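# Structural description and commentary
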Amino acid sequence: MEIKVLSFAAENPPLSVLVAAKLAGISLPTDNSLSADSPHLLHLSDGLKLHGTFVLLRYIGRIANLYGENAIQAAQIDEWLEYAPVLSQGSAFENALKHLDDYLGSRSFFVDHSFSIADIAIWSGLAGTGQRWESLRKSKKYQNLSRWFNSLLAEYGDALNEVTATFVGKRGLGKPTATKSKGTQASQESKSVNGDVSEKGKAGSRPTFDVDLPEAEMGKVRLRFAPEPSGFLHIGHSKAALLNQYFAQRYQGQLIVRFDDTNPAKESNEFVDNLLKDIETLGIKYETVTYTSDYFPQLMEMVENLIRQGKAYVDDTPREEMQKERMDGIESKCRNNSVEENLKLWKEMIAGSDRGLQCCVRGKLDMQDPNKSLRDPVYYRCNPMPHHRIGSKYKIYPTYDFACPFVDSIEGITHALRSSEYHDRNAQYYRIQEDMGLRKVHIYEFSRLNMVYTLLSKRKLLWFVQNEKVNGWDDPRFPTVQGIVRRGLKVEALIQFILEQGASKNLNLMEWDKLWTINKKIIDPVCPRHTAIVEERRVLLTLINGPEKPFVRIIPRHKKYEGAGEKATTYTRTIWLESADAESIKVDEEVTLMDWGNAIVKGIEKDQDGNLKLTGVLNLEGSVKTTKLKLTWLPQTDELVKLCLMEFDYLITKKKVEEGEDFLDVLNPCTEKETAALGDSNMRNLKRGDVLQLERKGYYRCDVPYIRSSKPIVLFAIPDGRQQTGFK
């Protein structure tokens, strides 16, 4: 069931409904012809109609997962929806602002810790008053309310300005007048850092760019995301996938996934399966899955027709010589062979005979064209290898350059999104379609996403896999979707990062730090805290007045987020400290033991091997504000778990490998570091994929959970946006 149109009176647009739909990526055709006293009306495809602002707002909220996570939150949201109309009552306006300002004194959102339609209703109510709220916002009279309002404007400025400029009757709301608060949607989007990606965090929900496809008609756009199944999806492919989805949604069109499987030497069903898995991970919604190999019979028929028309010929020139002739603009000796001779050799190619294996089919375009892609490109090659889908049926396969314009046109694609590295081949694409007599498909270019210290060539990535420099395509050092997610990146962060790049055609080399900084904002407010001590040379501190018997307290796993749950902490007379911490302590120094209180170190002993042993007394009345050292610690008990902390570095040592430069010359000799540690007993409950913070150490993702006491839990360090310095 789809939305057909939103009807309302021109003088009374439902701003909150329009804003909610825009932020949720829901296409909402509008009709403003209703009479002034008519309720807002949403027409659905099955003939149903929904009436009234808040009914429509709740409907969109449910679709976009913006209506709370349980009945209590939904009820709280309802309270704010009922309150929002007071903002349109002139006499009650400033009293309402004071109430809202007081309420937001210690909050980032109106309900719990998540952005919801309650925030949309209040924000739209304020924006809808136009200059009245604008002047108060800039006066800073209501600082908490302004902070909240500006944080949403900073997060969703493009979308909010577009809606308000259209329906409030002025040019948007400009830039925020205050800095973005910590409690933004980017940091609070997911209620559980270890849950699935929410619907509002998935692809297409918050694009931050606004460009047009050439000659695009609403409802008639058909796009394709067309990966070759010769590797896993990486961050560069993700940009193409998300841009395709963005334009499909924007023009209420269709998106298909097509596997360009024309090279059996590189492709496999394993890659097909994992690409579909990665596409699902990104939240890409597609109409159907097709394969170029579905069209092999038609492609063979087409190339034979071109041979008969004199628009293609069979060439047996050796490959290296052919490449040189193309560079120099020299015509092949086979270019003027008769149609009969070409068809004879074409049959040899189909049979995969020794003679056929020497040949290829080339298009007869223009050997003198300055654009070398038009100098008689290869259309078909012999390859006796079996195909991963259709076995050994064919001995010949079309090139990508020949198959792509054919299948794009046949499948009804209106716009083919291609990265700008293909720019010189666009003329070839159009010329081949013209020679085939097929409908023209518009090409839309975007810039390829390049990352520093990163190789995105599948051929080069395959080298790392085949030479066992990594542990597979999902290795956490790889730029594949599975690799970076395994390292601890939330899909919401990847989507936000890529959509922020927009559809720019400018070449860009992006820093990983920006992506990991976005990720940190998402995980930090909600991920649970645990404690770990590096095992090597750890130091025992004996507290003389410590508890005679160990006791346990239940404390939050995150002091500012109840949803992280609780953990049991054991307090004992003897506790473990890290070597680096112990070495920095002086006799009679007062330190703070985190989640316990202060202690004064009275004695420091060092044996002949340099190992330390400390004694001290608890001073729980002491002020934590006066101590310089705030120390993590673990009780000396048998309940501690073994940890293996893994850190990773870039696979190459150079920011960008230049054209013609061998990446083997810049391999990083040390790309992972392993540290043995002990962790608190609560970490036995971690599941694979859980994200946590180790106090004073950083963020980690659990890759191997607790199995038995002799086998360590494996935690992968998650970068936090501060540049790595490499391992020693």
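Residues numbered from 1 in each chain as written. Predicted model: local features only at pLDDT ≥ 70, side-chain atom pairs only at ≥ 80, totals over all residues. Heavy atoms only, no water.

## Considering the overall build of the chain
Under the convention used in this document: For the purposes of this entry, the term helix denotes a DSSP run of H or I that reaches at least four residues, the term strand denotes a run of E that reaches at least two, and both are numbered from the N terminus. Remark: exposure states derive from per-residue accessible area (1.4 Å probe, protein chains only) relative to the maximum for the residue type, with buried under 20%, exposed over 50%, and partly exposed in between. Only heavy atoms enter the contact rule, under which two residues are in contact if any of them lie within 4.5 Å. For the purpose of charge, His is not counted, nor are the chain termini; Lys and Arg are scored as positive and Asp and Glu as negative. Where a charge lies is defined by one atom per residue type, namely NZ (Lys), CZ (Arg), CG (Asp) and CD (Glu).
Counting its secondary structure elements, the chain contains 20 helices and 31 strands. A principal-axis box enclosing the C-alpha atoms of the chain has dimensions of 100 × 85 × 40 Å. Taken across its 728 residues, the chain has 54% of its residues classed as buried. Partitioning the contacts of the chain with sequence separation of at least 6, the portion at a separation of at least 24 is 71%. Of the side-chain charges in the chain, 99 are positive and 99 negative, and the distance between the mean point of each set is 3 Å.

## What to know about the domain arrangement of the chain
Under the convention used in this document: Residue ranges for the domains originate in an automatic or database domain assignment.
Parsing the chain into structural domains produces domain 1 (3-168), domain 2 (213-446), domain 3 (539-577 + 579-631) and domain 4 (641-718). The C-alpha centroid of domain 4 is placed 40 Å from the C-alpha centroid of domain 2.

## Side note on the pairing of strand β3 (residues 41-44)
Applied cut-off: Being paired, for any two strands, means DSSP has found at least two bridges between them.
Across the two faces of β3 the burial is the same, with L41 and H43 and L42 and L44 all buried. Relative to β3, strand β1 (residues 3-9) is paired through four bridges, and the arrangement is antiparallel. Paired with I3 across the two strands is L44, which belongs to β3. Examined bridge by bridge, β3 and strand β4 (residues 49-51) share three bridges and lie antiparallel to one another. Looking at β4, one finds that L42 is bridged to L50. The turn joining β3 and β4, which pair antiparallel and follow one another in sequence, is formed by four residues; a positive phi near 95 degrees is taken by G47.

## A short note on the nonpolar core
Which entries qualify depends on this criterion: By nonpolar core we mean a set of buried residues, namely Ala, Val, Leu, Ile, Met, Phe, Trp, Tyr and Cys, connected to one another through side-chain atoms within 4.5 Å.
Residues I235, F497 and W512 are the most contacted members of the largest nonpolar core, which totals 66 residues. For this core, the leading source of residues is helix α9 (residues 235-250), giving eight residues. Three or more residues apiece are contributed to this core by two domains, here domain 2 (213-446) and domain 4 (641-718). When sequence neighbours within four positions are dropped, the list of residues in contact with W512 reads I235, M451, V452, T454, P479, I484 and Y650.

## Details of the sheet that holds strand β24 (residues 612-618)
The strand order β25-β22-β23-β24-β18-β21-β26 describes an open sheet built from seven strands, whose pairing is mixed. Two strands bound the open sheet, and with one partner strand each, they are β25 (630-631) and β26 (634-635).

## Brief notes about empty space enclosed by the protein
This is how the line gets drawn: Any residue with an atom within 4 Å of a point lines the site, the site being either a cavity, points on a 1 Å grid over the protein atoms alone where a 1.4 Å probe fits but cannot get out, or a pocket, an open set with protein on both sides within 12 Å along at least 5 of 7 lines. Grid points are joined across faces, edges and corners, and a volume is the space filled by probe spheres set on the points.
Inspection of every chain in the model, using the stated rule, returns five cavities of 30 Å³ or more. There is about 250 Å³ of room inside the largest cavity. Lining the largest cavity are 21 residues, with T454, R477, R487, W512 and Y650 positioned closest to its centre. Those elements giving two or more residues to the lining of the largest cavity turn out to be α16 (458-466), α17 (481-487) and α19 (512-523).

## Some words on the pattern of salt bridges
The cut-off we apply is this: Salt bridges are defined as contacts in which a side-chain nitrogen from Lys or Arg sits within 4 Å of a carboxyl oxygen from Asp or Glu.
A full pass over the atoms with the stated rule returns 38 salt bridges. Between R431 and D435 there is a salt bridge whose closest N-O contact spans 3.3 Å. One end of the pair, R431, and the other, D435, are both in helix α15 (residues 426-436), four residues apart, so they sit about a helical turn from each other. You can call R431 partly exposed: its relative accessible area is 27%. Taking the shortest distance from any N to any O, the salt bridge between R529 and D524 comes out at 3.1 Å. Taking relative accessible area as the criterion, R529 reaches 12% and is therefore assigned buried.

## Focus: the environment of Y430
We count it as follows: The definition of a polar contact used here is a pair of N or O atoms within 3.5 Å, where within protein one atom must be able to donate a hydrogen and the other to accept one, and adjacent residues in sequence count solely through side-chain atom pairs.
Locating Y430 in the fold gives a position in helix α15. Since its relative accessible area comes to 26%, Y430 is described here as partly exposed. Residues Y430 and I443 lie 13 residues apart in sequence; the distance between their C-alpha atoms is 9.0 Å. Residues within four places of Y430 in sequence aside, it is in contact with K440, V441, H442 and I443. A polar contact is formed between the side chain of Y430 and the backbone nitrogen of I443, at a distance of 3.0 Å.

## Things to note about helix α6 (residues 131-139)
Regarding α6, the residues found buried are W133, E134, L136 and R137. Elements in contact with the buried residues of α6: α4 (93-103), α5 (117-127) and α7 (143-167). One or two positions beyond α6, positive phi appears at K140, with a value near 65 degrees.

## Concerning the side chain of S579
For S579, the position within the fold is in helix α20 (residues 579-583). Given the relative accessible area of 16%, S579 is considered buried.

## With respect to the packing of α9 against helix α18 (residues 491-501)
Each pair of packed helices gets described by two things: the angle between the helix axes and the distance between those axes. For the record, the criterion: Whenever a helix is involved, its axis is fitted only over the stretch in contact; in every case the axis is a line through C-alpha atoms, and angles between N-to-C directions fall within 0 to 180 degrees. For classification, angles of less than 35 degrees are called roughly parallel, those exceeding 145 degrees roughly antiparallel, those between 65 and 115 degrees roughly perpendicular, and all remaining angles oblique. The sense of a crossing depends on the near helix, which, turned anticlockwise from the far helix by less than a right angle, makes the crossing left-handed and, turned clockwise, makes it right-handed. When residues are sorted by character, Ala, Val, Leu, Ile, Met, Phe, Trp, Tyr, Cys and Pro go into the nonpolar class, Asp, Glu, Lys and Arg into the charged class, and all the rest, Gly among them, into the polar class.
Closest axis-to-axis distance for the α9/α18 pair is 10 Å, and the angle between their directions is 70 degrees. As summarised for this structure, α9 and α18 are arranged roughly perpendicular, according to the angle between their axes. The way α9 lies across α18 gives a crossing that is right-handed. Contact residues: I235, S238, K239 and L242 in α9; L494, I495, F497, I498, L499 and Q501 in α18. Among the residues making up the contact of α9 with α18, the classes are represented as seven nonpolar, two polar and one charged.

## A closer look at the packing of aromatic side chains
Heads up, the condition is: Geometry of aromatic contacts follows a simple scheme: Phe, Tyr and Trp rings, the Trp one being its six-membered ring, pair when their centres are within 6.5 Å, and the pair is stacked under 30 degrees between planes, edge-to-face over 60, tilted otherwise. Counted as over-ring charges are cases with an Arg CZ or a Lys NZ within 6 Å of the ring centre that also lie within 35 degrees of the ring normal.
This structure, assessed with the given rule, holds 34 aromatic pairs. Residues F464 and F663 carry aromatic rings whose centres are separated by 5.9 Å and whose planes lie at 35 degrees to one another, so their mutual orientation is tilted. With a gap of 199 residues between them, F464 in helix α16 and F663 in the loop between β27 (641-648) and β28 (672-679) connect regions that are remote in the sequence. In this structure, F464 and F663 share a single accessibility class: buried. Through a chain of ring-to-ring contacts, three or more aromatic side chains come together here, namely W80, Y83, Y103, F110, W123, W133, W148 and F149. Over the aromatic face of Y291 sits the side chain of R389, whose NZ or CZ is 3.7 Å from the ring centroid. Taking the ring centre of W576 as reference, the NZ or CZ of R538 above it sits at 4.3 Å.

## As for the pairing of strand β30 (residues 698-704)
With respect to burial, β30 is a largely interior element, six of its seven residues being buried. Bridge count between strand β29 (residues 691-694) and β30: four bridges; the pairing is antiparallel. Bridging from a neighbouring strand, Q693 pairs with Y699 of β30. Where β30 and strand β31 (residues 713-718) come together, five bridges link them in antiparallel fashion. What sits directly across from Y699, in β31, is I718.

## Section: the confidence of the model for the chain
This is how it is decided: Each residue carries a pLDDT score, the predictor's confidence in it, ranging from 0 to 100.
Here the chain averages 88 in pLDDT, and 92% of its residues register 70 or above. Within the model, the stretch residues 170-191 combines pLDDT values under 50 with 70 contacts to residues more than four positions away or in other chains. In the model, residues 196-209 has pLDDT below 50 throughout and makes 52 contacts with residues more than four positions away in sequence or in other chains.

## With respect to the sheet that holds β29
Spatially, seven strands are ordered β16-β29-β30-β31-β27-β28-β17 in an open sheet, and the strand pairing comes out mixed. Both edges of this open sheet fall to β16 (529-530) and β17 (532-534), since each of them pairs with a single strand only. In this structure, β17 lies alongside β28, joined through three bridges in antiparallel fashion. Bridge pairing in β28 links V534 to A677. Here α19 sits on the sheet and contacts β29, β30 and β31; the angle it forms with β31, its principal contact strand, is near 120 degrees.

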